[in-house]
Amino acid sequence: MAKVAVYNMSGQQVGEIELNDAIFGVEVNEHVLHAAVVQYLANQRQGTQSAKTRAEVRGGGRKPWRQKGTGRARQGSIRAPQWTGGGIVFAPKPRDYSFKLNKKVKRLALKSALTSKVQENKFIVLDELKLDTIKTKEMKKVLDNLKLTKALIVNDDKNVVLSARNIPTVKTISVNNINVYDILKYDTFVISKDVLQNIEEVYA
């Protein structure tokens, strides 16, 4: 089993903890990581874009000039795609971009992402992460103690969440919403011992 250091909020090492190899010691599968990221981004798309085809644009019912004899190219409508104000060829319409991944694939992707952070020494475990008040200054102090800049913090404490939301390079997320995209996007994965225990109980 892999071992990682446990730190306190002052940045001092206070012990070590063993990680479950079934979650944090798997073989990193780049293919499923890619699939999970593509699915996450596709599911974020609203799919509300819409434009009108030549059949839906207002006007253009009359032929603009006669077919022959004018010296100009033949035209049937001033709402054809080549005209200003005309319809759009293959106009985009509202659609659902989301797609499904199998549960086993999603789990393997999450385990691969967590394993990659452990292998890169970008996995930080804290004995606890709690703040008495909502203060960005206090949260920034904790991050400076741990020498963190771009970090994903898994925490449900309201004071921590509200204190971190004004820091642009930091994101807080609840344990139920952990996803592969955020794990890979942020340099460092920060987690407390109690949340780590929850993850091991769910995914082991």
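Residues numbered from 1 in each chain as written. Predicted model: local features only at pLDDT ≥ 70, side-chain atom pairs only at ≥ 80, totals over all residues. Heavy atoms only, no water.

The name given to the protein chain in an unreviewed UniProt entry is Large ribosomal subunit protein uL4, with the source organism recorded as Defluviitalea saccharophila. Quoted straight from UniProt, the Sequence similarities (unreviewed entry) entry for the protein chain says "Belongs to the universal ribosomal protein uL4 family." UniProt, in its Subunit (unreviewed entry) section for the protein chain, records the words "Part of the 50S ribosomal subunit." (UniProt positions renumbered as here; feature names shortened; annotations may be inferred.)

S.K.: Kindly report on the overall build of the protein chain, identifying the contributing residues and their values.
M.R.: Within the protein chain, the regular secondary structure consists of 7 helices and 6 strands. In sequence order, the protein chain lays out its α and β elements as β-β-α-α-α-β-α-β-α-β-α-β-α. A compact globule built from 204 residues would reach a C-alpha radius of gyration of about 17 Å, whereas the protein chain, at 27 Å, exceeds it by more than 25%. With respect to the principal axes defined by its C-alpha atoms, the protein chain has extents near 90 × 40 × 25 Å. Within the protein chain, the proportion of its 204 residues that are buried is 38%. Across the protein chain, every contact between residues at least 6 apart in sequence was considered, and the portion connecting residues at least 24 apart equals 67%. Taken together, the 34 basic and 20 acidic charged side chains of the protein chain have centroids lying 23 Å from each other. (Helix = DSSP H or I, 4+ residues; strand = E, 2+ residues; numbered from the N terminus. Rg over C-alpha atoms; globule rule 2.2 N^0.38 Å. Buried < 20%, exposed > 50% of the residue type's maximum accessible area, 1.4 Å probe, protein only. Contact = heavy atoms within 4.5 Å. Lys, Arg positive; Asp, Glu negative; His and termini not counted. Charge placed at Lys NZ, Arg CZ, Asp CG, Glu CD.)

S.K.: Please set out empty space enclosed by the protein residue by residue, giving values where relevant.
M.R.: Taken as a whole and assessed by the stated rule, the structure comprises 1 cavity of 30 Å³ or more. Put simply, the largest cavity is a space of about 30 Å³. Around the largest cavity, the lining residues are Leu126, Leu129, Met139, Val142, Leu143, Leu146, Leu148, Ile153 and Val190. Counting residues per element, the lining of the largest cavity draws most heavily on helix H4 (residues 136-145), which supplies 3 residues. Broken down by class, the residue content of the lining of the largest cavity amounts to 9 nonpolar, no polar and no charged. (1 Å grid on protein atoms, 1.4 Å probe; cavity = no way out; pocket = protein on both sides within 12 Å on 5 of 7 lines; lining within 4 Å. Points joined across faces, edges and corners; volume = space filled by probe spheres on them. Nonpolar A, V, L, I, M, F, W, Y, C, P; charged D, E, K, R; others polar.)

S.K.: Lay out the sheet that holds strand S3 (residues 123-126) in plain terms, naming residues and giving numbers.
M.R.: Ordered by their spatial adjacency, 6 strands build an open sheet running S2-S1-S3-S6-S4-S5, and the pairing between neighbours is mixed. Each edge of the open sheet carries a strand with a single partner, namely strand S2 (13-18) and strand S5 (170-173). Direction aside, the axes of adjacent strands within the sheet are offset by 30 degrees on average. In terms of strand pairing, strand S4 (residues 151-154) meets strand S6 (residues 188-192) through 4 bridges, oriented parallel. Among the inter-strand pairings, Leu152 is bridged to a residue of S6, identified as Phe189. (Pairing = 2+ DSSP bridges. Axes fitted to C-alpha atoms, helices over the stretch in contact; angles between N-to-C directions.)

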